[in-house]
Amino acid sequence: QVQLVESGGGLVQTGGSLRLSCAASGRTFSTYTMGWFRQAPGKEREFVAAIRWTSGNTYYEDSVKGRFTISRDNAKNTVYLQMNSLKFEDTAVYYCAAGPYSGSRYSSTREYTYWGQGTQVTVSS
């Protein structure tokens, strides 16, 4: 049974930092793309960042470039999202996702097969 378990969310002030973790289990993810998405109240789920498990290539949504960093630890089967210089508009539930594709549509929710339960990130202004 595939499981993606997020952790690390919480309440932080504007300008602060948080590191989200996504522990993956239940299968080999070596050929997968791992992604982070977020969903604010009343809005659609949107792409934040993605990483190719094998190559380590990374991709970011424009508004988080230079502030967020996605990485993975092969030994721990864990993906991280380091979030710095947080803004009020970063407030959302953050979801980890895994998809068995390596194409260019890494920002589409349709490319991901497995999803975590989400972790709340709240940035106070």
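Reading the values: rules and limits
Residues numbered from 1 in each chain as written. Predicted model: local features only at pLDDT ≥ 70, side-chain atom pairs only at ≥ 80, totals over all residues. Heavy atoms only, no water. Pairing = 2+ DSSP bridges. Helix = DSSP H or I, 4+ residues; strand = E, 2+ residues; numbered from the N terminus. Axes fitted to C-alpha atoms, helices over the stretch in contact; angles between N-to-C directions. Salt bridge = Lys/Arg side-chain N within 4 Å of Asp/Glu carboxyl O. Buried < 20%, exposed > 50% of the residue type's maximum accessible area, 1.4 Å probe, protein only. Disulfide = S-S within 2.5 Å.

(A) View of the sheet that holds strand S7 (residues 68-73). Reading across from one edge, S1-S3-S8-S7 is the order of the 4 strands in this open sheet, with antiparallel pairing throughout. In this open sheet, the two edge strands, each paired with only one partner strand, are strand S1 (3-7) and S7. Taken pair by pair, the neighbouring strands of this sheet meet at an average axis angle of 15°, ignoring direction. One ladder, built from 6 bridges, connects strand S3 (residues 18-25) with strand S8 (residues 78-83); its direction is antiparallel. Looking at S8, one finds that Leu20 is bridged to Leu81.

(B) Expanded view of the pattern of salt bridges. Taken as a whole and judged by the stated rule, the model has 5 salt bridges. For Glu46, the salt bridge is made with Arg38, and the minimal N-O distance between the two is 2.6 Å. Arg38 sits in the buried class, given a relative accessible area of 6%. Measuring nitrogen to oxygen at the nearest pair gives 2.8 Å for the salt bridge that ties Arg67 to Asp90. With Arg67 in the loop between strand S6 (58-60) and S7 and Asp90 in the loop between S8 and strand S9 (92-99), this pair connects stretches of sequence that are 23 residues apart.

(C) View of the pairing of S9. Counting buried positions along S9 yields 7 of 8 residues, so the element is predominantly enclosed. Sheet topology note: the S9/strand S11 (residues 119-124) ladder contains 3 bridges and is antiparallel. Residue pairing across strands places Val93 opposite Gln120, the latter belonging to S11. In this structure, S9 lies alongside strand S10 (residues 114-115), joined through 2 bridges in antiparallel fashion. The partner of Ala97 across the bridge, within S10, is Trp115.

(D) View of unusual backbone geometry. Of note in the backbone geometry, Asn77 takes a positive phi value of approximately 50° without being a glycine. Judged by relative accessible area, which is 22%, Asn77 ranks as partly exposed. With a phi close to 50°, Ser85 is a non-glycine residue in the positive phi region. Mapped onto the fold, Ser85 is located in the loop between S8 and S9. We classify Ser85 as partly exposed; its relative accessible area is 41%.

(E) Highlighting the state of the cysteines. This structure, assessed with the given rule, holds 1 disulfide. Paired by a disulfide, Cys22 and Cys96 hold their sulfur atoms 2.0 Å apart. One quick way to see it: the torsion about the S-S bond of Cys22 and Cys96 is about -75°, and its sign makes the bridge left-handed. Of this pair, Cys22 sits in strand S3 while Cys96 sits in strand S9, and the two are 74 residues apart along the sequence. Pair check on accessibility: Cys22 and Cys96 agree, each one buried.

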